[in-house]
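Here is what each chain is made of, one letter per residue.
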Amino acid sequence: MIDPNSFMVFSGTATKYLAEKICQSLGCPLGKLLMMKFSDGEFAVSYEQSIRGRDVFLVQSTFPSSDNLMELLLMIDAAKRASAKSINAVVPYFGWARQDRKDRPRVSLGAKLVADMLSAAGIDRLITMDLHADQIQGFFNVPVDHLYASSVILPYLQSLNMEDLVIASPDIGGSKRANTYSKYLGVPLVMCNKTRARANVVSSMQIIGDVKDKNVVIVDDMVDTAGTITMAADIMKQEGAKSVRACATHCVMSGPANERVQNSALEEIVFTDSIPYNNKCTKVKQLSVADLFAQTIRLVLENKSISDQYLI
């Protein structure tokens, strides 16, 4: 049994909507945090209640702008200086994760830099979900609890009771994730082979596998400009697919993404609420991961394994 006085949950500005749902699931109040803003754009953080000797959980996704990352760093620093017992960063969406390797000369490794900053600020643990690349866990020298959105997405797919189901990966990099989904559901897997002209621009795509008269679900970790996923859906529909849906963990949906999804062959696109979504694209559906994170926080506090939460 968790002592309700042993831990506290706080939230940054951008992820307060999710932190409130996490606290509701945990049966605890959201901690009081003051974010003071200056006229030049600078801001400062202060806790409005004592956190001395408490296990502190700081909920904040680090999607653009970079203010969200800076808020989290200041929250960590303030908690360390206020004598928190442990500082646990709960980052549903870990931004900058696409910069995870040196794929050409003289490039930055944003994922490693962010990991170093969080560690230097003073976190004792990171709780995150569906990193763009699993190896990012190795950038940290503190425990990383890596959750998977499949825990909420797979039950939703099963509830649709679709016949002739096929799982698709939008690119070769996502083949491991899609293959895991297809094995769990016991359905075939198809692949998309794409070539990029530059970042966020796909020049060509070919479908590897049979989609004729199939209900296709494209699985990915995030959708940014939606160029890849809508192109794949349109091509699959042209090749005779009965329906095409998409599931992704993180709803980045930047630039022309909403218009592309709305005008595409996609029946719907399902995300989690790791990132707030305020645009009203009628094809977008969000599933909450608040209970998943709340249960993980419980297990961390009770020093129990979190692996039982994984469906796959």
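Attention in this report is confined to the structure presented alongside it. Only a predicted model underlies this, so the values are computations on that prediction, with no experimental measurement involved.

Considering the overall build of the chain
- Each helix and strand counted, the chain has eight helices and 14 strands in total.
- Dimensions along the principal axes, computed over C-alpha positions, put the chain at roughly 60 × 45 × 35 Å.
- Buried positions account for 53% of the 312 residues belonging to the chain.
- The contacts of the chain with a sequence gap of at least 6 include a subset with a gap of at least 24, amounting to 62%.

Structural notes on helix α8 (residues 290-301)
- A rise of 1.5 Å per residue sets the reference length of α8, with its 12 residues, at 16 Å; its end C-alpha atoms lie 17 Å apart and thus fit the reference within 8%.
- Among the 12 residues that make up α8, nine are buried, leaving the element largely enclosed by the rest of the structure.
- A positive backbone phi angle near 55 degrees is found at Asn303, which sits one or two residues after α8.

What about the nonpolar core?
- Ile22 and Phe57 are the most contacted members of the largest nonpolar core, which totals 42 residues.
- The element that contributes the greatest number of residues to this core is α8, accounting for eight residues.
- With residues up to four places along the chain from it excluded, the contact list for Phe57 reads Phe7, Met8, Val9, Phe10, Asn88, Val90, Ile127, Ile297, Val300 and Leu301.
- In this structure, Met35, Leu58, Ile123 and Leu126 belong to the second largest nonpolar core, which totals 35 residues.

A few points about the packing of aromatic side chains
- According to the stated counting rule, one finds four aromatic pairs in the structure shown.
- Seen in terms of ring centroids, Phe7 and Phe57 are 6.4 Å apart; in terms of plane orientation they differ by 80 degrees. Their pairing is edge-to-face. Here Phe7 is found in strand β1 (residues 7-11), whereas its partner Phe57 is found in strand β4 (residues 55-59), with 50 residues between them in sequence. For the pair shown, Phe7 and Phe57 are each scored as buried.
- Plain terms: the ring middles of Tyr148 and Tyr310 are 5.3 Å apart, the flat faces sit at 80 degrees to each other, and that makes the pair edge-to-face. With Tyr148 in the loop between β7 (144-147) and α4 (150-159) and Tyr310 in the segment after α8, the pair connects residues that are 162 residues apart, well separated along the chain.
- A relative accessible area of 28% means that Tyr310 is categorised as partly exposed.
- Here the guanidinium or amino end of Lys37 rests over the ring plane of Phe43, the centre of that ring lying 4.8 Å away.

Describing the sheet that holds β4
- With respect to topology, five strands assemble into an open sheet ordered β1-β4-β5-β6-β7, the strand pairing being parallel. Looking at the sheet topology across the chains shown, the edges are occupied by β1 and β7. With strand direction ignored, the average angle separating the axes of adjacent strands in the sheet is 15 degrees.
- Here four bridges tie strand β5 (residues 86-91) to strand β6 (residues 125-129), and the two strands are oriented parallel to one another. Paired with Ala89 across the two strands is Leu126, which belongs to β6.
- Set on the sheet, helix α1 (residues 16-26) makes contact with β1 and β4; between it and β1 the angle comes to about 155 degrees.
- Along the sheet, α8 makes contact with β1, β4, β5, β6 and β7, crossing β6 at roughly 155 degrees.

Topic: the environment of Asn193
- Relative to the assigned elements, Asn193 resides in strand β9 (residues 189-198).
- C-alpha of Asn193 to C-alpha of Ala14: the two residues are 179 residues apart in sequence and 35 Å apart in space.
- Look past the residues within four positions of Asn193 in its chain and what remains in contact with it is Ile172, Ser204, Met205, Gln206 and Ile208.

A short note on the environment of Asp67
- When you line up the elements, Asp67 lands in helix α2 (residues 67-81).
- For Asp67, a relative accessible area of 36% translates into the label partly exposed.
- Considering only alpha carbons, one finds Asp67 and Thr13, 54 residues apart in sequence, at a separation of 9.6 Å.

The rules behind each value
- Residues numbered from 1 in each chain as written.
- Predicted model: local features only at pLDDT ≥ 70, side-chain atom pairs only at ≥ 80, totals over all residues.
- Heavy atoms only, no water.
- Helix = DSSP H or I, 4+ residues; strand = E, 2+ residues; numbered from the N terminus.
- Buried < 20%, exposed > 50% of the residue type's maximum accessible area, 1.4 Å probe, protein only.
- Contact = heavy atoms within 4.5 Å.
- Expected span 1.5 Å × (residues − 1).
- Core = buried A, V, L, I, M, F, W, Y, C linked by side-chain atoms within 4.5 Å.
- Phe/Tyr/Trp six-rings, centres within 6.5 Å; stacked < 30°, edge-to-face > 60°.
- Lys NZ or Arg CZ within 6 Å of the ring centre and 35° of its normal.
- Pairing = 2+ DSSP bridges.
- Axes fitted to C-alpha atoms, helices over the stretch in contact; angles between N-to-C directions.

Take it as geometry only, folks, not as evidence of what the structure does.
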